[in-house]
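Spelled out, the chains give:
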There are 2 protein chains.
Amino acid sequence: MKELKNRILEDGKALNETVLKVDTFLNHQVDSKLMYNMGTYFKEYFKNHGITRILTIESSGIAPTAMTAMQMDLPMVILKKQQSKILNGNVYQTTVHSFTKGSDYELTLSKDYISKDDKVLIIDDFLANGEAALGAARLVEEAGAKVSGIGIVIEKSFQPGRSKLEEKGYEVYSLARIAKLGKDLIEFID
Amino acid sequence: MKELKNRILEDGKALNETVLKVDTFLNHQVDSKLMYNMGTYFKEYFKNHGITRILTIESSGIAPTAMTAMQMDLPMVILKKQQSKILNGNVYQTTVHSFTKGSDYELTLSKDYISKDDKVLIIDDFLANGEAALGAARLVEEAGAKVSGIGIVIEKSFQPGRSKLEEKGYEVYSLARIAKLGKDLIEFID
């Protein structure tokens, strides 16, 4: 997605070889029109996948996912991050390790908002180690539903997330794929 | 907003005299078209207020705020909830007490994404005790900017949030105002 790549080059900040800050338009300040345009790209790519439901993880994935859900006319569900296990029979829950924060959290999905017939698109803002997307996929499969695609805004292609997801048989579509980061260096794949 | 009130009556669940669950369309599963329509209402109400920037608090306010920001063609900023103080000179930070969770958190706004000339609209999903909105307003004023309005999706009018905000001189516009909650009872103002 050319508009996104240009924006990353203009406003993104590579702090080191692994950290890219995009607080200017995605994670803190949000450019809602860019989010809408991301939704158009996700719709275009996944429109023939038979998707019935879109899942995202709070909170930076919410804006682009809402824009995608609106354009695809589908329900979306925000997976909640909890500090600890809730003892409640009505939820699916799985533990996810965050390499960024160096800690674990529980990803939670109510059984009311997924069914075994669902074909699910998972959307997230970043793909790095793939732990969050794998956790979301575990919840979908625990519900007996199918992961029909994974949509990522920014993929750090030098980290193992994509290959871990592809090993599980998931199709990954990323709007921007970063080959290399370094101090004041951002290189894309393509 | 009639569509929202109808949806609350159809899908909302009053658990007791203070708790209204709207997980079906706002807090966990999200109806993105309803969110878009909320944006249209907020735009219509605030279009002559000279707003330059919209703030919301993660995470349930993000979807309606993104839809509003897109329609008003304005930047939005997601205030982050942190567990504890960050020692970083580049942020405004204030402590907010959550009555729902019985704990405090730090609301954080980067100095990069607000200026003293901004006229800010604060949008949030619920108004009950007003602590979150007051916290957001403190950050805006600490930056020397002006709070030009507060937009709320669901106001619990039987709790003191609105009067606390109005005492400070803020204009509050709520899409649905709830007069009374009880087991299987939801009554609106108007």
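Calculation rules
Residues numbered from 1 in each chain as written. Chains lettered and ligands numbered in written order. Predicted model: local features only at pLDDT ≥ 70, side-chain atom pairs only at ≥ 80, totals over all residues. Heavy atoms only, no water. Contact = heavy atoms within 4.5 Å. Buried area = accessible area lost by both parts, 1.4 Å probe. Salt bridge = Lys/Arg side-chain N within 4 Å of Asp/Glu carboxyl O. Polar contact = N/O pair within 3.5 Å; in protein donor to acceptor, adjacent residues only side chain to side chain. Helix = DSSP H or I, 4+ residues; strand = E, 2+ residues; numbered from the N terminus. Buried < 20%, exposed > 50% of the residue type's maximum accessible area, 1.4 Å probe, protein only. Arc of directions from axis to C-beta. Axes fitted to C-alpha atoms, helices over the stretch in contact; angles between N-to-C directions. Parallel < 35°, antiparallel > 145°, perpendicular 65-115°, else oblique. Left-handed = near helix turned anticlockwise from the far one by under 90°. Nonpolar A, V, L, I, M, F, W, Y, C, P; charged D, E, K, R; others polar. Least-squares fit on C-alpha atoms with pLDDT ≥ 70 in both. Expected span 1.5 Å × (residues − 1). Phe/Tyr/Trp six-rings, centres within 6.5 Å; stacked < 30°, edge-to-face > 60°. Lys NZ or Arg CZ within 6 Å of the ring centre and 35° of its normal. pLDDT = per-residue confidence, 0-100. Pairing = 2+ DSSP bridges. Right-handed = clockwise from strand over helix to strand, strands pointing away.

Q: Is there a simple way to think about the interface of chain A and chain B in this case?
A: Quoted interface sizes are often the accessible area lost when the parts come together. In this complex, chain A contributes 31 residues to the contact, which on the side of chain B involves 31 residues. When chain A packs against chain B, close to 2,500 Å² is buried across both sides, 59% of that on carbon and sulfur atoms. Contact with chain B buries area across many residues of chain A, yet A:His28, A:Met70 and A:Tyr113 alone supply 27% of it, more than any other trio. Across the contact surface, chain A and chain B share two salt bridges. Close ionic contact of A:Lys33 with B:Asp73 constitutes a salt bridge, the shortest N to O distance being 3.4 Å. Inspection of the region where chain A meets chain B yields 18 residue pairs in polar contact (both at pLDDT 80 or more). Sorting the residues of the side of chain A that touches chain B by element identifies α2 (23-27), β3 (29-30), α3 (32-46), α4 (62-72), β5 (76-82) and β7 (103-110) of chain A as the ones contributing at least two each.

Q: Could you clarify how one ought to interpret helix α1 (residues 2-11) of chain A in this entry?
A: Residue pairs three or four apart in sequence face the same way in an α-helix, which turns once every 3.6 residues. Residues and elements named next belong to chain A. Among the residues of α1, those classed as buried are Leu4, Lys5, Arg7 and Ile8. Take α1 and look down its axis: the buried residues cluster within an arc of 160 degrees, on one side only. For α1, the exposed residues set more than 90 degrees away from the buried face come down to Lys2 and Glu10. Those residues of α1 that are buried lie in contact with β2 (20-21), α2, α3, β9 (146-156), β10 (172-182) and β11 (185-188).

Q: Whenever I open this one, the pattern of salt bridges confuses me. Can you help?
A: All names here are of chain B. Counted under the stated rule, the structure contains 25 salt bridges over all chains. The partner of Glu44 in a salt bridge is Lys47, and the shortest N-O contact between them spans 2.8 Å. A salt bridge links Arg53 to Asp118; the nearest nitrogen and oxygen atoms lie 2.9 Å apart. Note that Arg53 is positioned in strand β4 (residues 53-57) and Asp118 in the loop between β7 (103-110) and β8 (119-127), a separation of 65 residues in sequence.

Q: Sorry if this is basic, but what is going on with the packing of α3(A) against α4(A) here?
A: Relative orientation and spacing of two packed helices are given, respectively, by the angle between their axes and the distance between those axes. Residues and elements named next belong to chain A. Put simply, α3 and α4 touch, their axes get as near as 7 Å, and they point 50 degrees apart. When the axis of α3 is compared with that of α4, the two are oblique. With respect to the hand of their crossing, α3 and α4 are arranged in right-handed fashion. Here Ser32, Met35, Tyr36, Met38, Gly39, Thr40, Phe42, Lys43 and Phe46 of α3 lie close against α4, whose contacting residues are Ala63, Pro64, Met67, Thr68, Met70, Gln71 and Met72. Here the residues of the contact of α3 with α4 are counted per class, giving 10 nonpolar, five polar and one charged.

Q: Sorry, what's going on with the relation of the copies chain A and chain B here?
A: Overlaying chain A on chain B yields an RMSD of 0.0 Å, the required transformation being a rotation through 180 degrees with an accompanying axial translation of 0.0 Å. What the rotation and shift describe, once combined, is the action of a two-fold rotation axis. Taken together, the interface assignments show that 100% of the residues at the interface of chain A recur at the interface of chain B, consistent with an identical surface on both copies.

Q: What is the right way to read α3(A) from this model?
A: Residue and element names in this part refer to chain A. Here α3 contains 15 residues, and its C-alpha end-to-end distance of 21 Å stays within 8% of the 21 Å for a straight helix at 1.5 Å per residue. For α3, the set of buried residues is Ser32, Leu34, Met35, Met38, Gly39, Phe42 and Phe46. For α3, the angular spread of buried residues about the axis comes to 150 degrees, placing them on one side. Between the side-chain oxygen of the N-cap and the backbone nitrogen of Lys33 there are 3.1 Å, and the N-cap of α3 in question is Asp31.

Q: When you look at the packing of aromatic side chains in this model, what are you seeing that I'm missing?
A: Each aromatic ring pair is characterised by the separation of its centres together with the angle its planes make. All names here are of chain A. A complete count under the given rule lists eight aromatic pairs over all chains for this structure. Summarising the aromatic geometry, the rings of Tyr45 and Phe46 are spaced 4.9 Å apart at their centres and angled 80 degrees between planes, so their arrangement reads as edge-to-face. Judged by relative accessible area, Phe46 falls into the buried class, the value being 0%. Between the aromatic rings of Phe46 and Tyr173, the centroid separation amounts to 6.0 Å while the plane-to-plane angle is 80 degrees, which identifies the pairing as edge-to-face. On the criterion of sequence distance, the pair formed by Phe46 in helix α3 and Tyr173 in strand β10 is long-range, its members being 127 residues apart. The buried category is assigned to Tyr173, whose relative accessible area is 17%. Taken together, the ring pairs in this structure connect Phe42, Tyr45, Phe46 and Tyr173 into an aromatic cluster. Here the guanidinium or amino end of Lys5 rests over the ring plane of Phe188, the centre of that ring lying 5.8 Å away. Between Lys111 and the ring centre of Tyr92, over which it is positioned, the NZ or CZ distance is 5.2 Å.

Q: Quick question: what am I supposed to make of the environment of A:Asp73 here?
A: Residue placement: A:Asp73 occurs in the loop between α4 and β5. Polar contacts involving the side chain of A:Asp73 include one to the side chain of B:Lys33, which spans 3.4 Å.

Q: I would appreciate a short explanation of the confidence of the model for chain A in the present structure.
A: Detailed reading of the predicted model is not advised wherever pLDDT is low. Confidence in the prediction of chain A, expressed as mean pLDDT, is 95, and 97% of residues score 70 or more. Listed scores for the predicted complex are pTM 0.96 and ipTM 0.96.

Q: Is there a simple way to think about the pairing of β8(B) in this case?
A: On a regular strand, one side chain projects to one face of the sheet and the next to the other, so that they alternate. Residues and elements named next belong to chain B. Burial runs high along β8: eight of the nine residues are buried. Where β4 lies against β8, four bridges are found, and the strand directions are parallel. What sits directly across from Thr56, in β8, is Ile123. After leaving β8, the chain enters helix α5 (residues 131-142) and then returns to the sheet as strand β9 (residues 146-156), a path that is right-handed.

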